[in-house]
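Structural overview for review
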Amino acid sequence: MTTPLAGAHQGRLAPPAPHTPVIPADLVIARHAHLNSRYADETWSLAPLVDNPAQRLPGIHWRPALSRVGGHQGRSAALRP
């Protein structure tokens, strides 16, 4: 029998720290490793996943948005090149 950790939500991971890289190191393409964004960044580059230098390097652009649940501050996203 397992017992839940005090204060932990069952089945949920802890949120990443703001300085944590968005793309795990084992998925990053070496040529674009320096473009790996951090969770606190307003734009998350997808370039570390792209190995073709001729391809556009898209990103996820976050903008602040109010969550509809409880009025908590949240984020919404738009995917743009």
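The rules behind the values
- Residues numbered from 1 in each chain as written.
- Predicted model: local features only at pLDDT ≥ 70, side-chain atom pairs only at ≥ 80, totals over all residues.
- Heavy atoms only, no water.
- Helix = DSSP H or I, 4+ residues; strand = E, 2+ residues; numbered from the N terminus.
- Buried < 20%, exposed > 50% of the residue type's maximum accessible area, 1.4 Å probe, protein only.
- Contact = heavy atoms within 4.5 Å.
- Areas by Shrake-Rupley, 256 points an atom, 1.4 Å probe, with all protein chains shown as cover.
- Phe/Tyr/Trp six-rings, centres within 6.5 Å; stacked < 30°, edge-to-face > 60°.
- pLDDT = per-residue confidence, 0-100.

Next up on the list: the overall build of the protein. Within the protein, the secondary structure is distributed over 0 helices and 3 strands. Listing the helices and strands of the protein from first to last along the sequence gives β-β-β. For the protein, buried positions account for 16% of its 81 residues. Excluding contacts between residues fewer than 6 apart, the proportion of contacts in the protein whose partners are at least 24 apart in sequence is 9%. As displayed, the protein has an accessible area near 6500 Å², and 59% of this comes from carbon and sulfur atoms.

What follows deals with the packing of aromatic side chains. For any pair of aromatic rings, geometry is given as the distance between the ring centres together with the angle between the planes. Considering all chains together, one arrives at 1 aromatic pair under this definition. Ring geometry for tyrosine 39 against tryptophan 44: centres 5.1 Å apart, planes inclined by 80 degrees, an arrangement best described as edge-to-face. Tyrosine 39 sits in the partly exposed class, given a relative accessible area of 29%. Given the relative accessible area of 14%, tryptophan 44 is considered buried.

Within the secondary structure layout, serine 45 lies in strand 1 (residues 43-45). Serine 45 has contacts with Ile23, Leu35, Ser37, Pro58 and Gly59, leaving out every residue within four places of it along the chain.

Looking at where histidine 32 falls in the secondary structure, it is placed in the segment before strand 1. Relative accessible area serves as the criterion here: at 9%, histidine 32 is assigned to the buried category. Aside from chain neighbours lying at most four places away, what touches histidine 32 is Ala47, Pro48, Val50 and Leu57.

Per-residue confidence for the protein gives a mean pLDDT of 76, with 63% of residues at or over 70. Ignoring residues within four places in sequence, the model shows residues 65-70, a span with pLDDT below 50, making 9 contacts including any to other chains.

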